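One-letter residues, chain by chain:
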Amino acid sequence: MESPRPAGKPLDLEGVYLCPVCHHGHLRGLALMDAFGCSFCRHIFAADLAQGTVRLEDSPQRLVWRWQGQGWQLVRPARPALGMEVWVLAGALILVPTLMVGVAYWLFPPLPDAPLVWFPLFWTGLTLVSHALWVGWLMAEYYQPPVYTTWRMRLARWLNRLSWLE
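Summary of the structure given here. This structure is a prediction, so every number in the text was calculated from the model and none was measured.

Here we take up the sheet that holds strand 7 (residues 72-75). Pairing is antiparallel in the open sheet, where 7 strands are placed in the order 1-2-3-4-5-6-7. Strand pairing shows two members of the sheet lacking a second neighbour, strand 1 (16-18) and strand 7, which therefore form its edges. The average undirected angle you get between the axes of adjacent strands in this sheet is 30°. One ladder, built from 4 bridges, connects strand 4 (residues 44-48) with strand 5 (residues 53-56); its direction is antiparallel. Paired with alanine 46 across the strands is arginine 55, a residue of strand 5.

What follows deals with helix 1 (residues 84-107). With 24 residues, helix 1 should reach 34 Å at 1.5 Å per residue; the first-to-last C-alpha distance of 33 Å fits that figure. Its axis deflected by about 25° at alanine 92, helix 1 carries its strongest bend there. Within the sequence span of helix 1, burial applies to Ala90, Ile94, Pro97 and Thr98.

Thresholds, definitions, all that
- Residues numbered from 1 in each chain as written.
- Predicted model: local features only at pLDDT ≥ 70, side-chain atom pairs only at ≥ 80, totals over all residues.
- Heavy atoms only, no water.
- Pairing = 2+ DSSP bridges.
- Helix = DSSP H or I, 4+ residues; strand = E, 2+ residues; numbered from the N terminus.
- Axes fitted to C-alpha atoms, helices over the stretch in contact; angles between N-to-C directions.
- Expected span 1.5 Å × (residues − 1).
- Bend = angle between axes of the 7 residues up to and from the residue.
- Buried < 20%, exposed > 50% of the residue type's maximum accessible area, 1.4 Å probe, protein only.

Written as structure tokens, this is what we have:
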């Protein structure tokens, strides 16, 4: 297996580079294209060799990295990635269902001697946790942080190995 490109070399399609997304795989040039592909996370990157940049193509987010000769530097977009409307929507998706369940528990409390007196409070907490996990998963799928991408690929490979055992 080829090692990543030595430090100080300019970006070219014959080189092998550490993936800027997952930090585990290696970018290699794709045949007959000005693009790279990662051997681990399988992302596709369009290359601009004149500027020494690669752009993530298979994601809705416009991420661009510049090769510094030793490693990648993320080129920051002009405007912030998460606007206030995203945070408001995320908060509403987490809090509104939790408040609905909590208000129902407060308005109609269980009888003190009921066998499952703990269940409405448990259900309210479960609603909060499950909706927070759901919103977190949606954000991770959209923004594809390196840790999330790495673990998702490891899980896919592990499940693929398990499917061969059957």
